[in-house]
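Analysis of the macromolecular model
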Amino acid sequence: MLFKNVSARFEIENSNSIDVILEHNGYEMVKKLQEFTPEQIIQEVEKSGLRGKGGGGALAGAKWRLLEKAKGKKYIVINADESEPGTFKDRSIIEKDPHLLIEGIILTAYALNSNDAFIYIRGEYQEQAKILQKAIDEAYEKGFLGDETIHKYNIHLTLHRGAGAYICGEKSALLESLEGKRGHPRLKPHTPSPEYFFNNPTLVNNVETIATIPSIIKNGSSFYKNLGVEPSCGSMLFGVSGHVNKPGIYECEFGVSMLDYINTLGGGVKGESIKAVITGGVSTGVIPFEIVKDIKLTYEDLRKAGSSLGTGGMIVMNESTCMVKALKNILSFYHDESCGQCTPCREGTFWVDATLDKFLDGSATLEDIEILKSNSKIMNGKTVCVFAPSVSTVIDSFLKYFQDEFIAKIKVDV
Amino acid sequence: MVTIYVNNKPIICKDKELLIKVLKENDIFIPHFCYHESLGADGNCRMCLVEIEGSKRPQIACDTFVYDGLRVHTKSESILETNKDILELELLSHPVDCPTCDQAGECSLQNYYMEYGLYDSRVSVAKNKKDKALDLGSNIMLDQERCVLCMRCVRFCSDITKTDELVVMGRGNDSYITTTPFMRLSNPYAMNVIDLCPVGALTSKDFRFKQRVWFLDSTQSICHACSKNCSIFIDHNAQKNQNDHVHRFRPRVNTMVNGHFICDEGRLSYKKANETRKNDFIMKSRISTYESILKHTKKLLQSENAIALVSASLSVEQMLLVKELSEMYLFDVYYDYKEDEKFGDDFLKSSIKESNLYTAKLLDFKLVDKPYEESLISKSLILNFNSEFISKPRPIEMIEFLTHEGKFERSSSIFTYEYFHNDMGLLINSDGVISSYKKSSKVKSEKFTLLKILNDLLDESYTNESIYEKYKELFFKNIPYSKIMKQSQRLGL
Amino acid sequence: MSGYTFSAENLKEIDKLLKRYPSKEALTLPILWMVQNDLGYLSNIALREASKILDMPTSHFYSVASFYTMFKFKKSEKVFVELCKSLSCELNNSDELYEYLKTRDDIELVRVECLGSCGSSPMCAINGKYHENLNIKKLDTILGDKDAL
Ligand SMILES: Cc1cc2nc3c(=O)[nH]c(=O)nc-3n(C[C@H](O)[C@H](O)[C@H](O)COP(=O)(O)O)c2cc1C
Ligand code: SF4
Ligand code: SF4
Ligand code: FES
Ligand code: FES
């Protein structure tokens, strides 16, 4: 079931050192860079069906094409903000194969005619930032980065640390933050367009997305396209945590069964049985066991189940889990992390979080269920960014499958 | 030009114009907090959501650009519910203390709240507590609990004055507006944030709790604190049986002059309107009557060798009548003005402190300098039309026309006349823009206007309009009076 | 009040970074980190110095810094423990660790959102360093060894 593509070198001892990795085909494609034209690389990515691994699952090639067509100085920004509960996959790449990421960045920059790339890493990843900085320094020393590179393409790579804000993973908030501002997401453009970093067209891609590029260039787009089940092509660093015996990151092709994944790779549920699974980080919905058992890990299957694949980080909950408490935990996360810019989210996340307290302390009434529902409605499709709609997804899924647990907490007047 | 349909009614407007602007210009109710004409869109309050045919989700009107055939709904059931729900959220942590709030009567939150009939609160969770009475500096008080975080005040300080005193601190529901350590709100335009604030979060210390706005009468006027002539509203007391009292000056939108703002010094110059001299007529240091001082003046004008000094802040019409008088009695008219380099800037404030210097020059009045001092020697009568620069080199007969306490109360004869806040007139600013200020119809005035006094001296009966019309071809590029009454007009420099 | 000076090394780093970014403003977070790494918190005096270097108003640094949970305006005098309170950790009994940590008065305790160790939960960061797969006993040992912190 395991399929090691991006994680191929994870088990190698000292895999984050450049000397070690150079003995294992490290920077192979970068060394051959001049054998490809930028257009060839873009086309390979387009043909591969690669989808963004940051949560949205947008086609990487289409996004690259937008940047390719844009005019002006171009920037590449790698999103390593990874802060969504249940998600810890990018961390594994940074810790275990940072040079793969750097190789991917060089290929991407070359393809898109950019000489400046940044990695925006969440502030809490201090150890990971050190590892990554060391890798970057090594790559400069070996002539893979800098003004005079062995592959004849100049590129600078700068590591930029965030400082504690989940919302800075949202691409436009990330760019605001990179510009030195508060991480407020921007209003969406009216027509398809790239992102902008100080008015310069910019590509924002997830760590894993970019770390996948070397394998696509090396093995050809059809190799990647044939993995998984179209249109969920390729493989992904799925992760599992919560009530399982072997939590962790395990790479698989798209299309494996969720239940098999949990039972085999995740070591099975800790406790009696699986009650429910949050499908891909806490911005996705929860599904009960009856649905879990028939789910294949594809974007389409999860969409059909009313949730989404998200970051691929599943959180398993066993029969003992109180779903009211679980929802409280998630809503409190959203309350803490809302950027506070727009009203429905700033006030709505506060209200639903406080309402969940009422369920837990026994003071909730039936009207509080309505309050959760109406807040879910007002947070859906009316805000600047999709942070708030995620809250709606979560609330709706909990109420859809577990409303009786909420009702059971309601105080009965005697 | 394109046609859009709002609630199925066609509206013709400029292509690619901001939808919210079109709606506002056409008086279509569109709730909003963060958008402001002077600051543009920020898109944070989400109050202005509208339904757009063909769009799955509601869209904010402040970030929608119109195109031909656009179909918008602001009154459908679902959009009204959305607006109402968002308003409910704005009120979530609001203290609902309208009875003690200065903004009551001019608060968007309160207006919308009534519009949507949001009377019964469903809120049963504890409100988020914040600071109630922060003194930010520049006479401005902040109540963070009333703030809806529209960021207008912050954007004003960053985008307009570029002084950056106000910031938003914290994140999410704990965000609040404040000044940072070592900073006070201290730019010369700071008080504009009070008008910009759509709710009662920012209020004037100067105005706090003094007056409920519904007892005020607003008159369209012009600030007289410098030669920029910013358009203002004068808020007077309009209660019966109360003496006229000016409570505040507020900026009045005039894209040709001041845009949306005025400076703090001009705003606070309302105080001068409450310090006018009492309604009296003085002859040789004694209280007299209008008739006798009028007679006295006419006699002096016939017998004496006169010279006149005018304040360069007199209105166009006042200056024209002074000119007529000078031609009748053959005397020279001088003016003087103060220049304050420290006051001027490249935004609104002009270093020239007189509000109608342009007209004084236009009418060929002479600047006070050497020749004035010299010619004084041969004169036996000085007429002073409200100039503060008057000096009295030697005992000499003097007739003064004053709005405020004069320097020579003891030795002059004085006509007291109405200050601009209770009068009407025209002014030309330092950029050559002519504007009109109006007289309140509600506030009763007790004093004579300078125009009436001058008419009596001339035995004429000019109105503001007729005296202007008489000279419009000669001096004012033939711009009709009625046009200026509607809107400022550019004469050019 | 004495002033604050950026170390020669930091100034060199700033110079290097200025070449990398399209605008000075982008150095806001890097410079805030420099100050915090140096002092343990963001002091008013240091922020004023930063504002001179980047040619930005000091208010900007306050507003920006206050958005991010990791920046501090006060120095922690005690061992700084950030206990993850998010879902995977909660499912693996982080509440128990919380009850335990609350009883210790030799630490400054805050509960934070997910730190990306869900696969090795429950976890906390002590003075910024991650400690994973925790239980009370393990935590007790770690906190007991003050020198290693
Ligand atoms: C609230 C929020 C948080 C996000 N956090 C992350 C993140 O931590 N890492 C990430 O790669 N993408 C995150 N995203 C998605 C990004 O906005 C963006 O789509 C992504 O970085 C694009 O890269 P990809 O196409 O390679 O996935 C987040 C989105 C939202 C709305
Ligand atoms: S939806 Fe929430 S996180 Fe997104 S911009 Fe609005 S307030 Fe910020
Ligand atoms: S104080 Fe007023 S203007 Fe400023 S953000 Fe709050 S509501 Fe808006
Ligand atoms: S006015 Fe449009 S979002 Fe505030
Ligand atoms: S939930 Fe605790 S580290 Fe992710």
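The residue numbering used here restarts from 1 in each chain and proceeds along that chain's sequence as written. Each chain takes a letter, starting from A, and each ligand takes a number, starting from 1, following the order in which they are written. Only residues with pLDDT of at least 70 get local features here, since the model is predicted, and only at 80 or more are side-chain atom pairs given and counted; chain-wide, interface and lining totals rely on the full set of residues. For side-chain calculations, the full set of non-hydrogen atoms in the structure is used, while hydrogens and water are omitted.

Around ligand 2, the surrounding shell holds 13 residues, and the nearest of these are C339, Q341, C342, C345 and C385 of chain A. Counted by class, the shell around ligand 2 contains nine nonpolar, four polar and no charged residues. A molecule or strand has a residue near it when one of that residue's heavy atoms lies within 4 Å. Residue type decides the class: Asp, Glu, Lys and Arg count as charged, Ala, Val, Leu, Ile, Met, Phe, Trp, Tyr, Cys and Pro as nonpolar, and the leftover types, Gly among them, as polar.

Counting 90 residues, the largest nonpolar core has I4 and F33 of chain B as the members making the most contacts within it. The criterion used for residue contact is that any of the two residues' heavy atoms lie within 4.5 Å. Those residues in contact with I4 of chain B that lie beyond four places of it in its chain are K9, P10, I11, C13, L19, V22, V66, Y67 and L70 of chain B. We define the nonpolar core as a collection of buried residues of types Ala, Val, Leu, Ile, Met, Phe, Trp, Tyr and Cys that are connected through side-chain atoms lying within 4.5 Å of one another. Residue exposure (1.4 Å probe, protein chains only): buried if accessible area is under 20% of the type maximum, exposed if over 50%, otherwise partly exposed. Judged by nonpolar contacts, the second largest core, of 83 residues, contains Y166, F198 and L327 of chain A together with Y62 of chain C.

Now for the interface of chain A and chain C. Tallying the contact residues gives 60 residues for chain A and 39 residues for chain C. Throughout, the accessible surface (probe 1.4 Å) given up by two parts as they are put together, summed over both, is called the buried area. Buried surface at the junction of chain A and chain C, summed over both partners, amounts to about 3800 Å²; 54% is from carbon and sulfur atoms. Three residues, A163, R182 and N329 of chain A, lead the burial of chain A against chain C; their summed loss comes to 16% of the area buried on that side. Whenever a carboxyl oxygen of Asp or Glu lies within 4 Å of a side-chain nitrogen of Lys or Arg, that contact is scored as a salt bridge. The interface formed by chain A and chain C holds four salt bridges in total. One salt bridge in this structure joins R91 of chain A and E132 of chain C, with 2.9 Å as the shortest N-O distance. Here a polar contact is recorded for every N or O atom pair within 3.5 Å, except that within protein the pair must consist of a potential hydrogen donor and a potential acceptor, and residues adjacent in sequence are included only if both atoms are side-chain atoms. Put simply, chain A and chain C have 29 residue pairs in polar contact (both at pLDDT 80 or more) between them.

The next subject is the domain arrangement of chain C. Segmenting chain C into domains produces domain 1 (8-67) and domain 2 (79-144). All the domain ranges listed were derived from an automatic or database domain assignment. Computed over C-alpha atoms only, the centres of domain 1 of chain C and domain 2 of chain C are separated by 31 Å.

For the rest of this paragraph, the subject is the pairing of strand β5 (residues 200-206) of chain A. Residue and element names in this part refer to chain A. Within β5, seven of the seven residues are buried, leaving the element largely enclosed by the surrounding structure. Here β5 shows no split at all, with N200, T202, V204 and N206 on one side and P201, L203 and N205 on the other all buried. Bridging between strand β1 (residues 75-80) and β5 involves five bridges; their strand directions are parallel. Across the sheet, the residue bridging to I78 is N205, located in β5. Sheet topology note: the strand β4 (residues 195-197)/β5 ladder contains three bridges and is antiparallel. Note that in β5 the partner of Y196 across the bridge is P201. A strand pair is defined by DSSP finding two or more bridges across the two strands. We count a stretch as a helix when DSSP gives it H or I for four or more residues in a row; a strand needs E for two or more, and each element gets its number in order from the N terminus. Hairpin connection, β4 to β5: the antiparallel pair is bridged by two residues, and F198 has positive phi, about 45°.

So, about the packing of aromatic side chains. By convention, a stacked pair of Phe, Tyr or Trp rings (six-membered ring in the case of Trp) has centres within 6.5 Å and planes under 30 degrees apart, an edge-to-face pair has planes over 60 apart, and any other such pair is tilted. Inspection of the entire model under this criterion finds 43 aromatic pairs over all chains. Both rings, one in Y419 of chain B and one in F420 of chain B, keep their centres 4.8 Å apart while their planes meet at 65°; by these two values the pair is edge-to-face. For F420 of chain B, a relative accessible area of 5% puts it in the buried group. Seen from their ring centres, Y62 of chain C and F73 of chain C are 5.9 Å apart, and the 15° between their planes marks the pair as stacked. Highlighted residues: Y62 of chain C in helix α4 (residues 58-67) and F73 of chain C in the loop between α4 and β1 (79-84), separated in sequence by 11 residues. Two conditions define a charge sitting above a ring: the NZ of Lys or the CZ of Arg must be within 6 Å of the ring centre, and it must be within 35 degrees of the ring normal. Positioned above the aromatic ring of Y5 of chain B, the side-chain terminus of R71 of chain B is 4.6 Å from the ring centre. Sitting over the ring of Y98 of chain C, R111 of chain C keeps its end group 4.4 Å from the ring centre.

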